[in-house]
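# Examination of the molecular architecture
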There are 2 protein chains.
Amino acid sequence: MNQPSDKALVPFVSVDNMMRLVHHVGIEQVLCDLAAYIEADFKRWELFDKTPRVASHSDVGVIELMPTSDGEAYGFKYVNGHPKNTSEGLQTVTAFGLLADVYTGYPVLLTEMTILTALRTAATSAMVAKYLAPKGADTMAMIGNGAQSEFQSLAMKAICGVTSVRLYDQDPAATEKCARNLDGTGLKVVRCTSPESAIEGAHILTTCTADKQCATILTDNMVGSGVHINAIGGDCPGKTELAPGILSRSDVFVEYPPQTRIEGEIQQMAPDFTVTEMWEVISGTKPGRRDNRQITLFDSVGFAIEDFSALRYIRDRIKDTDYFFDLDMLADPDDPRDLFGMLQRAAP
Amino acid sequence: MNQPSDKALVPFVSVDNMMRLVHHVGIEQVLCDLAAYIEADFKRWELFDKTPRVASHSDVGVIELMPTSDGEAYGFKYVNGHPKNTSEGLQTVTAFGLLADVYTGYPVLLTEMTILTALRTAATSAMVAKYLAPKGADTMAMIGNGAQSEFQSLAMKAICGVTSVRLYDQDPAATEKCARNLDGTGLKVVRCTSPESAIEGAHILTTCTADKQCATILTDNMVGSGVHINAIGGDCPGKTELAPGILSRSDVFVEYPPQTRIEGEIQQMAPDFTVTEMWEVISGTKPGRRDNRQITLFDSVGFAIEDFSALRYIRDRIKDTDYFFDLDMLADPDDPRDLFGMLQRAAP
């Protein structure tokens, strides 16, 4: 065994260590911390290198790389999207991510990101709802009770003060699973048997269903004034959840317009449909919610900067802990020109 | 510790295991095997998804992602290029790579690629020289004696029958290092003190210098007829090694024209300068070398498909060996919709 130098070692956070870290910090605290990191990066949105995601499509799914950089650190996420996987006992989405030092180009963190993406997606939704939801909003309808539903519910509790969630899924078993998982978290959980029933009295409507098809989870007549819609599930071409009429009546907020116009709910609208970039609201240059009658809609598709914030958080948080181990991933010969010599000296 | 399922585990080849594997197989055999994998993929070039590399530039370097797919597997390489690193005791280039299954989107291999890139670059050069070098070529000038030089020399020996290498570098210490490393490999090694001396009697001229600047390593009057030039070092905008006059007199062969016109030697020429795609020569649809007077020039910048071939080789070669270990990198709950439940059950 040849001992690599420190620079050749990349801290790695496994799924097991990510779960241990989350339990050590506390899941609601992690969601709050992530929301703070994401909010900080939205405030300096303009200085990021916003490369579009790089997608490789096949008949059954997509594999994407989502890179970004703030000039000091560089991050990317590998993520797949395979809706048919669920029926084969696999995750629709798996992910891992990497953070590197822009100055040297050397990676400084490799981490699982399936769990981390679920956490950052929920933290982003709740951080945005803090700006857009009507004052005193304490009830959320959670429509679609899949893998993201409990994370959304807890983030809205921890960050926005939601106390009650009304669950609906076309599969009652999903609702039952979500309700069971939220038992003991302090949230009041109501199982509903129709979307209409789920949105009764709710100030925040979160839609997060998984089918890759244009579905209408919320019809126009279901949505009254004064609510905030948190639309998570419409996130690729051909996949939307809301009736176009709702979009017309709403003020729509997005992460990054060029991406959202392709992947988000607004793919149903004209290319010049008016949207507000969320970073402008958070940095104080554009208004968020103006009155209690307004319908606000966060058309969220997930953006690389949110992953970057999550990677920064994990890098900072694992310092001086044992929630990682070092991977011998980079060759680092004593003399940089002597890679061959390093290989030769490793001969048995 | 929660036991992840098989699907959550990604085989990982560390630097140490890569070196053990190379010594186990034998470096010349690895180079021959890699050349065969690369040649096979050049023969089916047209079916690859040829996404351009995704670069993030800074004042001091570049970080790139190089993805590609053949429809069954998907691969990408992370690679940095930081010329100033050498003066700080770091590698100019470090790399790692990943192979995934297109059908599920799940990664199936993570591997160091600093050593593997050095091997695949040399294997590509030699595989191409097999088609383009004049018959009976047995002497190579190796101009630039950095990290790639020994790999180039051994690949040309193993794949093209080169028996003698003539080394030159502006830094005599680099030449000395290269000569020492090649001692005992069976190659006749000649240390030269000028480029003019290095190319004396050589049929293959390999240029591989590292500075990010337009340099003229070979001037027009140095290159006579009947040679094959293997130009490795010109591989980013603003970095070239050959006088334009040489390009005008040569038949130029490239990997992927849209990339080479930006990064290769031909960035010095008009946008419609005639080049031949190497895959067309290898698949038999275009001629390679036509006569013994011709100057052939492989303007190599490195392409994602070569990394893909190398990843395929490593995936195949580590089967039933202990040159890898499994990383718990992908969350894989029993019920795909119950990611939260998996996290909850991991509570201490």
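First, a word on scope: everything that follows refers to the structure included in this document. It should be emphasised that the depicted structure is a prediction, and the values quoted were computed from it without experimental measurement.

This next bit is on the pattern of salt bridges. Note on pairing: side chains with opposite charge can pair once their charged atoms come close. All names here are of chain A. Following the criterion strictly, the structure yields 41 salt bridges over all chains and no others. The shortest N-O distance in the salt bridge between E176 and R191 comes to 3.0 Å. With E176 in helix 5 (residues 172–182) and R191 in strand 9 (residues 188–191), this residue pair connects regions lying 15 residues apart in the sequence. Bridged by salt links that share partners, the residues D41, R44, D70 and R312 form one connected network.

Moving on, we get to the interface of chain A and chain B. Taken together, the contacts link 80 residues of chain A with 80 residues of chain B. Taking both partners together, chain A and chain B bury about 7100 Å²; carbon and sulfur atoms supply 68% of that area. Linking chain A with chain B are 2 salt bridges. The shortest N-O distance in the salt bridge between D171 of chain B and R337 of chain A comes to 2.7 Å. Between chain A and chain B we count 36 residue pairs in polar contact (both at pLDDT 80 or more) in total.

Quick look at the pairing of strand 4 (residues 73–81) of chain A now. Residue and element names in this part refer to chain A. Among the 9 residues of strand 4, 9 are classified as buried, and the element is accordingly described as predominantly covered. Residue alternation in strand 4 divides its side chains into two sets, A73, G75, K77, V79 and G81 and Y74, F76, Y78 and N80, and both sets are buried. Judged from the 8 bridges that link them, strand 3 (residues 62–69) and strand 4 form a sheet pairing that is antiparallel. Its bridge partner lying in strand 4, I63 is registered against N80. Between strand 3 and strand 4, which pair antiparallel and follow one another directly, the connecting turn spans 3 residues, one of which, G71, has a positive phi of 95°. Pairing of strand 4 with strand 5 (residues 95–101), which is carried by 7 bridges, proceeds in the antiparallel orientation. When the bridges of strand 5 are listed, A73 appears paired with D101.

Right, let's get into the nonpolar core. A general tendency of soluble globular proteins is for nonpolar side chains to be buried together. Core analysis: the largest hydrophobic core is formed by 76 residues, its most contacted members being I115 and I314 of chain B. The element that contributes the greatest number of residues to this core is helix 3 (residues 114–132) of chain B, accounting for 11 residues. Looking at this core, you find at least three residues from each of domain 1 (6–115 + 305–345) and domain 2 (125–302) of chain B. Ignoring anything within four residues of it in the chain, the contact list for I314 of chain B reads V13, M18, L21, L109 and L116 of chain B. Counting residues in each nonpolar core, the second largest holds 75 residues, with L21, V30, A133 and I282 of chain A among its members.

Cut-off values and rules
Residues numbered from 1 in each chain as written. Chains lettered and ligands numbered in written order. Predicted model: local features only at pLDDT ≥ 70, side-chain atom pairs only at ≥ 80, totals over all residues. Heavy atoms only, no water. Salt bridge = Lys/Arg side-chain N within 4 Å of Asp/Glu carboxyl O. Helix = DSSP H or I, 4+ residues; strand = E, 2+ residues; numbered from the N terminus. Contact = heavy atoms within 4.5 Å. Buried area = accessible area lost by both parts, 1.4 Å probe. Polar contact = N/O pair within 3.5 Å; in protein donor to acceptor, adjacent residues only side chain to side chain. Buried < 20%, exposed > 50% of the residue type's maximum accessible area, 1.4 Å probe, protein only. Pairing = 2+ DSSP bridges. Core = buried A, V, L, I, M, F, W, Y, C linked by side-chain atoms within 4.5 Å. Domains from an automatic or database assignment.

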